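# Structural characterization, general
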Protein chains: 2
Amino acid sequence: MNILWISAHPDARSLNGFLTEKGQQYLREAGHSVTTSDLYAMGWNPVVDADSYGHDEAVRLHVATAAKAAHLEDAVAADIRTEQQKLDEADAIILQFPLWWFGMPAILKGWFDRVWHQGYAYGNPGPNGEWVGYGDGFLAGKRAMVVATLGGPEFMYGERGIHGSVDDLLFPLQHGALFYAGAEVLPPFLAFGVDRWTADDADLAAQQLQERLQTITTTQAIPFRTQSSGDYDKFVLRSEVAPEISGLSVHRVSDTGGRR
Amino acid sequence: MNILWISAHPDARSLNGFLTEKGQQYLREAGHSVTTSDLYAMGWNPVVDADSYGHDEAVRLHVATAAKAAHLEDAVAADIRTEQQKLDEADAIILQFPLWWFGMPAILKGWFDRVWHQGYAYGNPGPNGEWVGYGDGFLAGKRAMVVATLGGPEFMYGERGIHGSVDDLLFPLQHGALFYAGAEVLPPFLAFGVDRWTADDADLAAQQLQERLQTITTTQAIPFRTQSSGDYDKFVLRSEVAPEISGLSVHRVSDTGGRR
(Lines give C-alpha, C1' and ligand atoms only; values in the text may rest on other atoms or scores of the structure.)
Protein backbone atom coordinates (compact mmCIF):
# COMPACT_ATOMS: atom_id res chain seq x y z
CA MET A 1 0.00 0.00 0.00
CA ASN A 2 0.88 3.65 -0.31
CA ILE A 3 0.83 5.07 3.19
CA LEU A 4 0.86 8.77 4.05
CA TRP A 5 2.28 9.32 7.54
CA ILE A 6 1.43 12.73 8.95
CA SER A 7 3.18 13.66 12.17
CA ALA A 8 3.13 16.69 14.44
CA HIS A 9 5.81 16.96 17.10
CA PRO A 10 8.37 19.76 17.36
CA ASP A 11 11.32 17.48 18.14
CA ALA A 12 12.40 14.41 16.16
CA ARG A 13 14.23 13.16 19.29
CA SER A 14 10.92 12.85 21.14
CA LEU A 15 8.91 9.71 21.82
CA ASN A 16 6.70 10.74 18.91
CA GLY A 17 9.79 10.96 16.71
CA PHE A 18 10.88 7.51 17.90
CA LEU A 19 7.47 5.94 17.20
CA THR A 20 7.42 7.62 13.78
CA GLU A 21 10.80 6.21 12.92
CA LYS A 22 10.01 2.70 14.13
CA GLY A 23 6.56 2.66 12.56
CA GLN A 24 7.77 3.82 9.17
CA GLN A 25 10.73 1.47 9.30
CA TYR A 26 8.40 -1.48 9.83
CA LEU A 27 6.05 -0.44 7.03
CA ARG A 28 8.91 -0.09 4.53
CA GLU A 29 10.34 -3.46 5.54
CA ALA A 30 6.89 -4.96 5.05
CA GLY A 31 6.91 -3.70 1.46
CA HIS A 32 4.71 -0.66 1.79
CA SER A 33 5.56 2.68 0.23
CA VAL A 34 5.64 5.46 2.84
CA THR A 35 5.22 9.16 2.12
CA THR A 36 5.57 11.61 5.00
CA SER A 37 4.22 14.95 6.07
CA ASP A 38 6.34 15.86 9.07
CA LEU A 39 4.52 19.12 9.72
CA TYR A 40 7.12 20.70 12.00
CA ALA A 41 10.02 19.74 9.74
CA MET A 42 8.11 21.16 6.76
CA GLY A 43 7.40 24.42 8.57
CA TRP A 44 3.73 23.85 7.77
CA ASN A 45 1.56 26.96 8.00
CA PRO A 46 -1.62 25.99 9.89
CA VAL A 47 -3.45 29.31 9.59
CA VAL A 48 -6.31 29.60 7.09
CA ASP A 49 -6.24 32.97 5.38
CA ALA A 50 -7.07 34.66 2.07
CA ASP A 51 -3.71 33.62 0.61
CA SER A 52 -4.56 29.96 1.17
CA TYR A 53 -7.10 30.23 -1.59
CA GLY A 54 -5.74 33.09 -3.70
CA HIS A 55 -8.58 35.25 -2.42
CA ASP A 56 -8.68 38.99 -3.16
CA GLU A 57 -8.27 40.65 0.25
CA ALA A 58 -10.39 43.60 -0.89
CA VAL A 59 -13.39 41.29 -0.86
CA ARG A 60 -14.88 39.80 2.31
CA LEU A 61 -13.55 36.28 2.86
CA HIS A 62 -16.06 33.48 3.23
CA VAL A 63 -13.61 30.64 3.74
CA ALA A 64 -15.56 27.69 2.35
CA THR A 65 -16.76 29.59 -0.72
CA ALA A 66 -13.34 31.04 -1.46
CA ALA A 67 -11.75 27.61 -1.14
CA LYS A 68 -14.20 25.96 -3.50
CA ALA A 69 -13.73 28.72 -6.07
CA ALA A 70 -9.95 28.41 -5.82
CA HIS A 71 -10.19 24.66 -6.22
CA LEU A 72 -12.19 24.99 -9.43
CA GLU A 73 -9.72 27.57 -10.76
CA ASP A 74 -6.64 25.64 -9.61
CA ALA A 75 -5.72 28.65 -7.48
CA VAL A 76 -5.25 26.87 -4.16
CA ALA A 77 -1.90 27.59 -2.48
CA ALA A 78 0.92 25.30 -3.59
CA ASP A 79 1.58 23.86 -0.11
CA ILE A 80 -2.05 22.78 0.15
CA ARG A 81 -2.04 21.22 -3.32
CA THR A 82 1.07 19.22 -2.44
CA GLU A 83 -0.71 17.70 0.56
CA GLN A 84 -3.78 16.93 -1.53
CA GLN A 85 -1.66 15.11 -4.10
CA LYS A 86 -0.17 13.00 -1.32
CA LEU A 87 -3.68 12.21 -0.08
CA ASP A 88 -4.87 11.32 -3.56
CA GLU A 89 -2.07 8.80 -3.92
CA ALA A 90 -2.43 7.26 -0.45
CA ASP A 91 -4.24 4.02 0.35
CA ALA A 92 -3.96 4.69 4.07
CA ILE A 93 -3.11 7.68 6.25
CA ILE A 94 -1.60 7.76 9.72
CA LEU A 95 -2.18 10.78 11.96
CA GLN A 96 0.47 10.87 14.64
CA PHE A 97 0.58 13.44 17.42
CA PRO A 98 0.78 14.12 21.13
CA LEU A 99 -2.67 14.89 22.57
CA TRP A 100 -2.51 18.54 23.64
CA TRP A 101 -5.49 20.02 25.46
CA PHE A 102 -7.49 16.95 24.48
CA GLY A 103 -7.01 17.47 20.78
CA MET A 104 -4.53 17.77 17.94
CA PRO A 105 -1.61 20.19 18.16
CA ALA A 106 -2.49 23.41 16.30
CA ILE A 107 -0.10 22.63 13.45
CA LEU A 108 -2.08 19.45 12.67
CA LYS A 109 -5.50 20.98 13.28
CA GLY A 110 -4.53 23.61 10.73
CA TRP A 111 -3.53 20.92 8.25
CA PHE A 112 -7.19 19.88 8.28
CA ASP A 113 -8.43 23.48 8.32
CA ARG A 114 -6.44 24.38 5.19
CA VAL A 115 -6.18 21.12 3.20
CA TRP A 116 -9.65 19.63 3.77
CA HIS A 117 -11.52 22.50 2.19
CA GLN A 118 -14.84 22.68 0.43
CA GLY A 119 -14.64 21.49 -3.15
CA TYR A 120 -11.77 19.12 -2.41
CA ALA A 121 -12.70 17.28 0.77
CA TYR A 122 -16.45 17.88 0.93
CA GLY A 123 -19.27 19.81 -0.62
CA ASN A 124 -19.37 17.89 -3.89
CA PRO A 125 -22.78 16.34 -4.56
CA GLY A 126 -23.01 12.60 -5.13
CA PRO A 127 -24.28 10.99 -8.36
CA ASN A 128 -27.90 11.73 -7.45
CA GLY A 129 -27.17 15.27 -6.32
CA GLU A 130 -27.37 14.23 -2.66
CA TRP A 131 -25.03 15.36 0.11
CA VAL A 132 -22.15 12.91 0.49
CA GLY A 133 -20.61 12.19 3.87
CA TYR A 134 -20.10 9.83 6.81
CA GLY A 135 -18.97 6.64 5.15
CA ASP A 136 -18.58 8.02 1.66
CA GLY A 137 -16.46 10.85 0.30
CA PHE A 138 -13.07 11.64 -1.12
CA LEU A 139 -11.34 9.16 1.20
CA ALA A 140 -13.67 6.26 0.34
CA GLY A 141 -11.67 3.06 0.05
CA LYS A 142 -8.78 4.49 2.08
CA ARG A 143 -7.92 3.56 5.65
CA ALA A 144 -6.98 5.99 8.42
CA MET A 145 -5.48 5.48 11.86
CA VAL A 146 -4.60 7.74 14.76
CA VAL A 147 -1.34 7.18 16.64
CA ALA A 148 -1.33 9.39 19.72
CA THR A 149 0.66 9.85 22.89
CA LEU A 150 -1.09 10.97 26.08
CA GLY A 151 0.62 12.28 29.18
CA GLY A 152 -1.91 10.90 31.66
CA PRO A 153 -2.63 7.29 32.61
CA GLU A 154 -5.28 5.27 30.75
CA PHE A 155 -7.83 5.16 33.60
CA MET A 156 -8.25 8.92 33.41
CA TYR A 157 -9.40 8.53 29.80
CA GLY A 158 -11.75 5.58 30.37
CA GLU A 159 -15.54 5.45 30.10
CA ARG A 160 -15.87 7.18 33.46
CA GLY A 161 -12.43 8.74 33.74
CA ILE A 162 -12.29 12.41 34.67
CA HIS A 163 -10.87 13.58 31.34
CA GLY A 164 -13.73 11.97 29.40
CA SER A 165 -13.40 8.83 27.32
CA VAL A 166 -10.63 9.01 24.77
CA ASP A 167 -13.01 7.64 22.13
CA ASP A 168 -15.21 10.68 22.70
CA LEU A 169 -12.28 13.10 22.79
CA LEU A 170 -11.13 11.74 19.41
CA PHE A 171 -14.65 11.81 17.94
CA PRO A 172 -14.25 15.20 16.20
CA LEU A 173 -11.18 13.85 14.38
CA GLN A 174 -12.09 10.20 13.86
CA HIS A 175 -15.79 10.63 13.07
CA GLY A 176 -16.11 14.32 12.12
CA ALA A 177 -13.10 14.52 9.82
CA LEU A 178 -11.91 11.02 8.84
CA PHE A 179 -15.14 9.01 8.69
CA TYR A 180 -17.05 11.98 7.33
CA ALA A 181 -14.64 11.95 4.39
CA GLY A 182 -15.34 8.26 3.81
CA ALA A 183 -12.25 6.70 5.39
CA GLU A 184 -12.34 3.35 7.17
CA VAL A 185 -11.11 4.50 10.58
CA LEU A 186 -9.06 1.88 12.38
CA PRO A 187 -9.00 1.75 16.18
CA PRO A 188 -6.36 4.22 17.36
CA PHE A 189 -2.96 3.27 18.72
CA LEU A 190 -2.72 5.10 22.04
CA ALA A 191 0.31 5.39 24.29
CA PHE A 192 -0.88 6.48 27.75
CA GLY A 193 1.08 7.88 30.66
CA VAL A 194 4.10 8.75 28.54
CA ASP A 195 5.20 11.59 30.82
CA ARG A 196 6.71 8.97 33.11
CA TRP A 197 8.05 6.58 30.51
CA THR A 198 11.46 4.94 30.47
CA ALA A 199 13.40 3.92 27.35
CA ASP A 200 12.11 0.37 27.89
CA ASP A 201 8.53 1.61 27.83
CA ALA A 202 9.24 3.34 24.52
CA ASP A 203 10.78 0.19 23.05
CA LEU A 204 7.75 -1.84 24.09
CA ALA A 205 5.39 0.72 22.57
CA ALA A 206 7.34 0.73 19.30
CA GLN A 207 7.01 -3.05 19.18
CA GLN A 208 3.27 -2.87 19.89
CA LEU A 209 2.87 -0.21 17.21
CA GLN A 210 4.65 -2.41 14.70
CA GLU A 211 2.32 -5.27 15.60
CA ARG A 212 -0.68 -3.03 14.99
CA LEU A 213 0.77 -1.93 11.65
CA GLN A 214 1.15 -5.58 10.60
CA THR A 215 -2.61 -5.72 10.19
CA ILE A 216 -3.18 -2.27 8.77
CA THR A 217 -4.73 -3.74 5.64
CA THR A 218 -7.07 -6.08 7.52
CA THR A 219 -7.90 -4.61 10.93
CA GLN A 220 -11.63 -4.09 11.32
CA ALA A 221 -12.61 -0.44 11.25
CA ILE A 222 -14.54 1.36 13.99
CA PRO A 223 -18.19 0.61 13.12
CA PHE A 224 -19.44 4.18 12.83
CA ARG A 225 -22.95 4.32 11.37
CA THR A 226 -22.94 5.46 7.75
CA GLN A 227 -25.14 8.31 6.58
CA SER A 228 -26.68 5.98 3.99
CA SER A 229 -27.33 3.12 6.44
CA GLY A 230 -30.93 4.04 7.06
CA ASP A 231 -30.13 4.61 10.74
CA TYR A 232 -30.55 8.36 10.23
CA ASP A 233 -33.64 10.18 9.03
CA LYS A 234 -32.67 13.59 7.66
CA PHE A 235 -29.37 13.47 9.57
CA VAL A 236 -30.91 12.60 12.95
CA LEU A 237 -30.72 9.07 14.35
CA ARG A 238 -34.10 7.35 14.12
CA SER A 239 -35.82 7.03 17.48
CA GLU A 240 -35.84 3.22 17.32
CA VAL A 241 -32.04 3.05 16.88
CA ALA A 242 -30.21 2.46 20.16
CA PRO A 243 -32.77 4.44 22.21
CA GLU A 244 -31.09 3.42 25.46
CA ILE A 245 -27.74 4.99 24.59
CA SER A 246 -26.67 8.56 25.30
CA GLY A 247 -23.50 10.23 24.17
CA LEU A 248 -21.38 9.99 21.08
CA SER A 249 -21.16 6.20 21.08
CA VAL A 250 -24.71 6.17 19.70
CA HIS A 251 -23.06 6.81 16.33
CA ARG A 252 -21.31 3.43 16.46
CA VAL A 253 -23.03 0.18 15.53
CA SER A 254 -22.95 -2.30 18.38
CA ASP A 255 -23.84 -5.98 18.59
CA THR A 256 -25.26 -5.50 22.03
CA GLY A 257 -26.95 -2.20 21.38
CA GLY A 258 -24.78 -0.97 24.20
CA ARG A 259 -21.59 1.01 24.18
CA ARG A 260 -19.25 -0.96 21.89
CA MET B 1 -15.79 43.39 35.10
CA ASN B 2 -12.61 43.07 33.09
CA ILE B 3 -13.44 40.95 30.09
CA LEU B 4 -10.88 39.39 27.74
CA TRP B 5 -12.43 38.73 24.32
CA ILE B 6 -10.41 36.28 22.26
CA SER B 7 -11.48 35.92 18.64
CA ALA B 8 -10.29 33.83 15.73
CA HIS B 9 -11.59 34.69 12.28
CA PRO B 10 -9.44 35.78 9.32
CA ASP B 11 -11.77 38.58 8.19
CA ALA B 12 -13.18 41.39 10.36
CA ARG B 13 -15.99 41.81 7.79
CA SER B 14 -17.28 38.31 8.59
CA LEU B 15 -20.25 37.35 10.74
CA ASN B 16 -17.73 36.57 13.47
CA GLY B 17 -16.33 40.08 13.10
CA PHE B 18 -19.83 41.52 13.32
CA LEU B 19 -20.71 39.56 16.45
CA THR B 20 -17.38 40.56 17.99
CA GLU B 21 -18.08 44.23 17.31
CA LYS B 22 -21.65 44.12 18.60
CA GLY B 23 -20.78 42.03 21.62
CA GLN B 24 -17.89 44.24 22.68
CA GLN B 25 -19.92 47.39 22.02
CA TYR B 26 -22.63 46.16 24.37
CA LEU B 27 -20.17 45.21 27.11
CA ARG B 28 -18.49 48.63 27.00
CA GLU B 29 -21.84 50.42 27.11
CA ALA B 30 -22.77 48.28 30.10
CA GLY B 31 -19.70 49.59 31.91
CA HIS B 32 -17.37 46.64 31.53
CA SER B 33 -13.74 47.01 30.53
CA VAL B 34 -12.94 44.95 27.41
CA THR B 35 -9.49 43.75 26.40
CA THR B 36 -9.10 41.90 23.10
CA SER B 37 -6.95 39.21 21.58
CA ASP B 38 -7.92 39.26 17.92
CA LEU B 39 -5.61 36.43 16.98
CA TYR B 40 -5.63 36.97 13.22
CA ALA B 41 -5.13 40.73 13.54
CA MET B 42 -2.27 40.09 15.98
CA GLY B 43 -0.62 37.61 13.62
CA TRP B 44 -0.61 35.15 16.52
CA ASN B 45 1.84 32.27 16.16
CA PRO B 46 -0.03 29.07 17.13
CA VAL B 47 2.89 26.64 16.82
CA VAL B 48 4.55 25.37 20.00
CA ASP B 49 8.29 25.16 19.53
CA ALA B 50 11.56 25.48 21.46
CA ASP B 51 11.51 29.27 21.02
CA SER B 52 8.18 29.49 22.83
CA TYR B 53 9.97 28.59 26.04
CA GLY B 54 13.52 29.79 25.34
CA HIS B 55 14.61 26.17 25.08
CA ASP B 56 18.10 25.24 23.88
CA GLU B 57 17.53 23.45 20.59
CA ALA B 58 20.61 21.30 21.16
CA VAL B 59 18.69 19.54 23.92
CA ARG B 60 15.68 17.31 23.32
CA LEU B 61 12.47 19.27 23.85
CA HIS B 62 9.97 17.92 26.33
CA VAL B 63 7.32 20.59 25.93
CA ALA B 64 5.70 20.59 29.37
CA THR B 65 9.01 20.44 31.23
CA ALA B 66 10.61 23.15 29.11
CA ALA B 67 7.58 25.39 29.58
CA LYS B 68 7.59 25.02 33.35
CA ALA B 69 11.32 25.73 33.53
CA ALA B 70 10.90 28.82 31.35
CA HIS B 71 8.04 30.01 33.52
CA LEU B 72 10.15 29.77 36.66
CA GLU B 73 13.03 31.61 34.97
CA ASP B 74 10.77 34.21 33.35
CA ALA B 75 12.03 33.01 29.95
CA VAL B 76 8.67 32.40 28.28
CA ALA B 77 8.30 34.14 24.90
CA ALA B 78 7.02 37.72 25.11
CA ASP B 79 3.86 37.08 23.05
CA ILE B 80 2.86 34.31 25.46
CA ARG B 81 3.54 36.47 28.54
CA THR B 82 1.37 39.24 27.11
CA GLU B 83 -1.56 36.85 26.80
CA GLN B 84 -0.98 35.56 30.33
CA GLN B 85 -1.01 39.10 31.70
CA LYS B 86 -4.35 39.68 29.97
CA LEU B 87 -5.69 36.46 31.49
CA ASP B 88 -4.43 37.40 34.95
CA GLU B 89 -6.32 40.70 34.78
CA ALA B 90 -9.55 39.27 33.37
CA ASP B 91 -12.67 38.45 35.38
CA ALA B 92 -14.22 36.72 32.39
CA ILE B 93 -13.02 35.44 29.04
CA ILE B 94 -14.93 35.04 25.80
CA LEU B 95 -13.70 32.53 23.20
CA GLN B 96 -15.18 33.42 19.84
CA PHE B 97 -14.65 31.39 16.69
CA PRO B 98 -16.21 29.59 13.74
CA LEU B 99 -16.36 25.82 14.38
CA TRP B 100 -13.97 24.27 11.83
CA TRP B 101 -13.77 20.48 11.62
CA PHE B 102 -15.74 20.29 14.85
CA GLY B 103 -13.21 22.26 16.83
CA MET B 104 -11.37 25.53 17.20
CA PRO B 105 -9.51 27.06 14.26
CA ALA B 106 -5.81 26.18 14.50
CA ILE B 107 -4.83 29.73 15.44
CA LEU B 108 -7.00 29.48 18.58
CA LYS B 109 -6.06 25.88 19.38
CA GLY B 110 -2.46 27.04 19.32
CA TRP B 111 -3.27 29.89 21.69
CA PHE B 112 -4.14 27.20 24.25
CA ASP B 113 -1.19 25.01 23.23
CA ARG B 114 1.32 27.83 23.79
CA VAL B 115 -0.22 30.03 26.52
CA TRP B 116 -1.78 27.37 28.80
CA HIS B 117 1.47 25.66 29.62
CA GLN B 118 2.65 23.70 32.59
CA GLY B 119 3.70 25.93 35.45
CA TYR B 120 1.32 28.69 34.44
CA ALA B 121 -1.99 27.02 33.66
CA TYR B 122 -1.57 23.67 35.41
CA GLY B 123 0.90 21.46 37.17
CA ASN B 124 1.18 23.53 40.34
CA PRO B 125 0.30 21.55 43.45
CA GLY B 126 -2.44 22.81 45.75
CA PRO B 127 -1.91 23.81 49.39
CA ASN B 128 -1.82 20.17 50.50
CA GLY B 129 0.44 19.08 47.64
CA GLU B 130 -2.50 17.57 45.77
CA TRP B 131 -3.14 17.82 42.02
CA VAL B 132 -5.38 20.80 41.30
CA GLY B 133 -7.89 20.71 38.46
CA TYR B 134 -11.51 20.50 37.29
CA GLY B 135 -13.19 23.23 39.25
CA ASP B 136 -10.07 24.75 40.74
CA GLY B 137 -6.98 26.23 39.16
CA PHE B 138 -5.51 29.42 37.79
CA LEU B 139 -8.91 30.56 36.42
CA ALA B 140 -10.79 29.97 39.69
CA GLY B 141 -13.26 32.77 40.24
CA LYS B 142 -13.25 33.75 36.57
CA ARG B 143 -16.05 33.09 34.11
CA ALA B 144 -15.62 31.78 30.56
CA MET B 145 -18.01 31.56 27.62
CA VAL B 146 -17.79 30.20 24.11
CA VAL B 147 -19.35 32.20 21.26
CA ALA B 148 -19.28 30.04 18.13
CA THR B 149 -20.72 30.05 14.63
CA LEU B 150 -21.59 26.75 12.95
CA GLY B 151 -22.30 26.27 9.26
CA GLY B 152 -24.81 23.47 9.68
CA PRO B 153 -28.32 23.59 11.13
CA GLU B 154 -28.94 22.92 14.83
CA PHE B 155 -30.63 19.53 14.41
CA MET B 156 -27.41 18.06 13.00
CA TYR B 157 -25.70 18.94 16.31
CA GLY B 158 -28.45 17.70 18.64
CA GLU B 159 -28.38 14.75 21.05
CA ARG B 160 -28.86 12.33 18.14
CA GLY B 161 -27.75 14.54 15.24
CA ILE B 162 -25.26 13.02 12.83
CA HIS B 163 -22.41 15.39 13.73
CA GLY B 164 -22.62 14.46 17.41
CA SER B 165 -24.03 16.72 20.11
CA VAL B 166 -22.43 20.13 20.18
CA ASP B 167 -22.05 19.85 23.96
CA ASP B 168 -19.87 16.80 23.40
CA LEU B 169 -17.93 18.39 20.53
CA LEU B 170 -17.13 21.36 22.80
CA PHE B 171 -16.23 19.13 25.77
CA PRO B 172 -12.45 19.19 25.13
CA LEU B 173 -12.54 23.00 25.24
CA GLN B 174 -15.24 23.67 27.83
CA HIS B 175 -14.41 20.85 30.26
CA GLY B 176 -10.86 19.85 29.33
CA ALA B 177 -9.39 23.35 29.09
CA LEU B 178 -11.71 25.91 30.72
CA PHE B 179 -13.26 23.96 33.60
CA TYR B 180 -10.04 22.07 34.20
CA ALA B 181 -8.41 25.45 34.83
CA GLY B 182 -11.11 26.33 37.36
CA ALA B 183 -13.31 28.64 35.26
CA GLU B 184 -17.06 28.81 35.69
CA VAL B 185 -18.05 27.84 32.15
CA LEU B 186 -21.25 29.53 31.00
CA PRO B 187 -23.51 27.83 28.46
CA PRO B 188 -22.15 28.66 25.00
CA PHE B 189 -23.74 31.14 22.60
CA LEU B 190 -24.11 29.18 19.37
CA ALA B 191 -25.18 30.54 15.99
CA PHE B 192 -26.24 27.58 13.82
CA GLY B 193 -26.76 27.37 10.07
CA VAL B 194 -24.84 30.57 9.38
CA ASP B 195 -23.81 29.49 5.88
CA ARG B 196 -27.28 30.50 4.71
CA TRP B 197 -27.77 33.58 6.83
CA THR B 198 -29.11 36.93 5.69
CA ALA B 199 -28.19 40.33 7.16
CA ASP B 200 -31.40 40.15 9.21
CA ASP B 201 -30.32 36.82 10.68
CA ALA B 202 -27.03 38.41 11.71
CA ASP B 203 -28.79 41.38 13.30
CA LEU B 204 -31.03 39.05 15.28
CA ALA B 205 -28.05 37.00 16.45
CA ALA B 206 -26.19 40.14 17.54
CA GLN B 207 -29.23 41.14 19.59
CA GLN B 208 -29.47 37.67 21.14
CA LEU B 209 -25.77 37.74 21.94
CA GLN B 210 -26.15 41.10 23.65
CA GLU B 211 -29.02 39.67 25.71
CA ARG B 212 -26.81 36.77 26.77
CA LEU B 213 -24.00 39.18 27.69
CA GLN B 214 -26.41 41.16 29.90
CA THR B 215 -26.29 38.30 32.37
CA ILE B 216 -22.63 37.38 32.02
CA THR B 217 -22.08 38.07 35.72
CA THR B 218 -25.06 36.01 36.88
CA THR B 219 -25.79 33.23 34.35
CA GLN B 220 -25.56 29.83 35.98
CA ALA B 221 -22.49 27.88 34.87
CA ILE B 222 -22.58 24.43 33.27
CA PRO B 223 -22.69 22.08 36.28
CA PHE B 224 -19.58 20.05 35.51
CA ARG B 225 -18.63 17.79 38.41
CA THR B 226 -15.65 19.12 40.33
CA GLN B 227 -12.63 16.97 41.04
CA SER B 228 -13.06 17.66 44.75
CA SER B 229 -16.82 16.90 44.82
CA GLY B 230 -16.39 13.35 46.00
CA ASP B 231 -18.03 12.08 42.79
CA TYR B 232 -14.65 10.78 41.62
CA ASP B 233 -12.47 8.22 43.33
CA LYS B 234 -8.89 8.58 42.13
CA PHE B 235 -10.07 10.42 39.00
CA VAL B 236 -12.70 7.85 38.01
CA LEU B 237 -16.40 8.48 38.60
CA ARG B 238 -17.68 6.36 41.48
CA SER B 239 -19.85 3.47 40.34
CA GLU B 240 -22.88 4.76 42.24
CA VAL B 241 -22.81 8.15 40.47
CA ALA B 242 -25.17 8.29 37.49
CA PRO B 243 -24.68 4.59 36.62
CA GLU B 244 -27.38 4.78 33.95
CA ILE B 245 -25.58 7.44 31.89
CA SER B 246 -23.06 6.83 29.13
CA GLY B 247 -21.06 9.43 27.31
CA LEU B 248 -19.48 12.71 28.31
CA SER B 249 -22.60 14.11 29.97
CA VAL B 250 -21.85 11.85 32.92
CA HIS B 251 -19.43 14.57 33.97
CA ARG B 252 -22.28 17.04 34.48
CA VAL B 253 -24.43 17.11 37.60
CA SER B 254 -28.08 16.64 36.75
CA ASP B 255 -31.22 17.06 38.84
CA THR B 256 -32.80 14.09 37.14
CA GLY B 257 -29.71 11.93 37.04
CA GLY B 258 -30.24 11.99 33.29
CA ARG B 259 -28.59 14.01 30.56
CA ARG B 260 -28.92 17.66 31.66
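Residues numbered from 1 in each chain as written. Chains lettered and ligands numbered in written order. Predicted model: local features only at pLDDT ≥ 70, side-chain atom pairs only at ≥ 80, totals over all residues. Heavy atoms only, no water.

## Details of the nonpolar core
Residues A:Phe97, A:Phe112, A:Trp116, B:Phe97, B:Phe112, B:Trp116 and B:Leu178 are the most contacted members of the largest nonpolar core, which totals 133 residues. Among all residues touching B:Trp116, those that are not within four sequence positions of it are A:Trp101, B:Leu87, B:Ile93, B:Trp111, B:Ala121, B:Tyr122, B:Phe138, B:Leu139, B:Ala177, B:Leu178 and B:Ala181. (Core = buried A, V, L, I, M, F, W, Y, C linked by side-chain atoms within 4.5 Å. Buried < 20%, exposed > 50% of the residue type's maximum accessible area, 1.4 Å probe, protein only. Contact = heavy atoms within 4.5 Å.)

## Some words on the pattern of salt bridges
Here the structure, examined in full by the defined rule, presents 12 salt bridges over all chains. The salt bridge involving B:Arg13 is made with B:Asp11; its shortest N-O contact spans 2.8 Å. (Salt bridge = Lys/Arg side-chain N within 4 Å of Asp/Glu carboxyl O.)

## Examining the relation of the copies chain B and chain A
With an RMSD of 0.0 Å, the operation that places chain B on chain A is a rotation of 180° combined with a shift of 0.0 Å along the axis. Taken together, the rotation and translation describe the operation of a two-fold axis. No C-alpha of chain B lies nearer the rotation axis than that of B:Gly247, which sits 2.0 Å from it. In this assembly, 100% of the residues forming the interface of chain B have copies in chain A that are likewise at the interface, indicating an isologous arrangement. (Least-squares fit on C-alpha atoms with pLDDT ≥ 70 in both.)

## What to know about the interface of chain B and chain A
A common way to state how big an interface is: give the accessible area lost once the parts meet. Each partner contributes residues to the interface: chain B has 69 residues there, and chain A has 69 residues. Counting the surface lost from both chain B and chain A, the interface buries some 5300 Å², and carbon and sulfur atoms represent 62% of this. Of all residues in chain B, B:Trp101, B:Arg160 and B:Ile162 give up the largest surface area on contact with chain A, accounting jointly for 19% of the area buried on that side. Summed over the shared surface of chain B and chain A, the result is 0 salt bridges. Residue assignment for the side of chain B that touches chain A shows that the elements contributing at least two residues are helix 5 (106-115), helix 6 (166-169), helix 7 (171-179) and strand 8 (236-237) of chain B. Of all the elements, helix 5 of chain B adds the most residues to the side of chain B that touches chain A, at 6 residues. (Buried area = accessible area lost by both parts, 1.4 Å probe. Helix = DSSP H or I, 4+ residues; strand = E, 2+ residues; numbered from the N terminus.)

## With respect to the packing of helix 4 (residues 78-89) of chain A against helix 5 (residues 106-115) of chain A
All names here are of chain A. Following both chains from N to C, one finds helix 4 and helix 5 inclined at 90°, their axes separated by 10 Å at the closest point. Classified by the interaxial angle, the pair formed by helix 4 and helix 5 is roughly perpendicular. Side by side, helix 4 and helix 5 meet where Asp79, Ile80, Glu83, Gln84 and Leu87 of the first sit next to Trp111, Arg114 and Val115 of the second. For the contact of helix 4 with helix 5, the per-class residue count stands at 4 nonpolar, 1 polar and 3 charged. (Axes fitted to C-alpha atoms, helices over the stretch in contact; angles between N-to-C directions. Parallel < 35°, antiparallel > 145°, perpendicular 65-115°, else oblique. Nonpolar A, V, L, I, M, F, W, Y, C, P; charged D, E, K, R; others polar.)

## With respect to the pairing of strand 4 (residues 143-149) of chain A
All names here are of chain A. With respect to burial, strand 4 is a largely interior element, 7 of its 7 residues being buried. Here strand 4 shows no split at all, with Arg143, Met145, Val147 and Thr149 on one side and Ala144, Val146 and Ala148 on the other all buried. In this fold, strand 3 (residues 92-98) hands off to helix 5, which returns the chain to strand 4; that crossover is right-handed. (Right-handed = clockwise from strand over helix to strand, strands pointing away.)

None of the figures reported here should be taken as evidence of function without further support.
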